[in-house]
Amino acid sequence: MAISAVTPNASRCPWNFTRRHGNHVKPPIFRNGLPVRCMSKDSDAHLQKLALQQATHAAALRFQESQCSEPLFHDPFAGCFIESDLYKGISSNIKCSTTRSLNHYCLATRFIDDKLLGAVNADDAPRQIVLLTDGMDTRPFRLKWPPVSMIFDISFEPVFKIASKKLKEVGAKTSRNSVFWHIADELSDLQKRLKSLGYRGDRPSVWAIQGLYPMSLERLEEILYQISCLAMKGSNFMGELPLISVQADSGSEDHKGKWIERFFKRNGFSVDIISYEKVATDLCENLLIDGGSLLVADDGGESRSVLFVAQQQRLSDDQEGPFSLFCCPLLGLVLVCCPFWWA
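None of these values were measured; they are calculated from a predicted model.

Student: Can you walk me through the packing of aromatic side chains in this structure?
Tutor: Aromatic ring pairs are described here by two measures, namely the spacing of the ring centres and the angle between the planes. All told, the structure shown has twelve aromatic pairs when counted by the stated rule. Judged by centre distance (6.1 Å) and plane angle (75 degrees), the ring pair of F152 and Y199 falls under edge-to-face. One end of the pair, F152, is in strand 7 (residues 150-155); the other, Y199, is in the loop between helix 6 (190-196) and strand 9 (205-210), with 47 residues separating them in the sequence. With respect to class, F152 is no different from Y199; both count as buried. With a centroid separation of 6.3 Å and an interplanar angle of 40 degrees, the aromatic rings of F160 and F180 are classed as tilted. Residue F160 is found in helix 5 (residues 157-169), and its partner F180 is found in strand 8 (residues 179-184); the two are separated by 20 residues along the sequence. One aromatic cluster is present, built from ring pairs that chain together F237, W259, F263, F264, F269 and F308.

Student: What exactly am I supposed to notice about the sheet that holds strand 11 (residues 269-274) here?
Tutor: What links the strands of a sheet is backbone hydrogen bonding, and the strands pair in either a parallel or an antiparallel sense. If you walk across this open sheet you meet the seven strands as 8-7-6-9-10-13-11, and the pairing is mixed. In this open sheet, the two edge strands, each paired with only one partner strand, are strand 8 and strand 11. Across the sheet, the mean angle separating the axes of adjacent strands is 20 degrees when strand polarity is ignored. Pairing geometry for strand 11 and strand 13 (residues 305-312), over six bridges, is antiparallel. Bridged to V271 within strand 13 is A310.

Definitions and limits used
Residues numbered from 1 in each chain as written. Predicted model: local features only at pLDDT ≥ 70, side-chain atom pairs only at ≥ 80, totals over all residues. Heavy atoms only, no water. Phe/Tyr/Trp six-rings, centres within 6.5 Å; stacked < 30°, edge-to-face > 60°. Helix = DSSP H or I, 4+ residues; strand = E, 2+ residues; numbered from the N terminus. Buried < 20%, exposed > 50% of the residue type's maximum accessible area, 1.4 Å probe, protein only. Pairing = 2+ DSSP bridges. Axes fitted to C-alpha atoms, helices over the stretch in contact; angles between N-to-C directions.

Below is the structure:
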């Protein structure tokens, strides 16, 4: 299923306006992927429709993978998002299939699952998990989180409302002693809303993104800005992004990788680009079904995505707080009062 993003008229909606935050230039405020002054009722309704289509398509892929005899992952809740006719059709196709085809979305899902669980189960593991999703992500319910985990889902509000109702009907619950909150993907006050729920930027956290819709270069830069303000230095950010969102959908693989590395570095992150083929080889080298062959396939455009693991290289606002708010002004006062120190 091909999903196309809504692109605003450039003459009516320039992208290149910015806001200043201290000494840093801050990207524009976005709502549903578009600058707030570019939104209209028609574009908002169209975005809701496309976002729901994309989230449902992703759920169908997870359901299909879960029906395999040796699935990459098991999502017991994906089926509740799918219409009954499609549900039956997917089940029938799985039973008749003799060839195992691994699409990029499912490979990315397994990869992100493993990275998240590896991070939260390590020594000094983060207990703050922030997921930027399509609204139908079931990781808060299907993954086994350590006790006292705080899980935040940031996604498109209309899709999440539909998903949460269906998840409630099938009895989906988070791990014991873990808490789960949803936050609408309004990036303008993300820091305030996260902190109001108990998030702390001076404690370790892990961030993941998959399916957040729509995505553009400008919105990705705003996301990186917000994470760099919120995540403690050394926190990991991982996930899958459409190449169009990083303007790297043309040129050689080496060129794409270097462009993405420069983009993340400019926003305070070191990054490693991960090959889908390597993930498939590491996970599924001997995975066969009924004597069929194993294929790595791109389904509906997943090949135009990139897997990455990034790490925050800057101090968060909470880490900088005491120094920037007290020490720097105090040092400035001392230098003004005692000019012979620096004359």
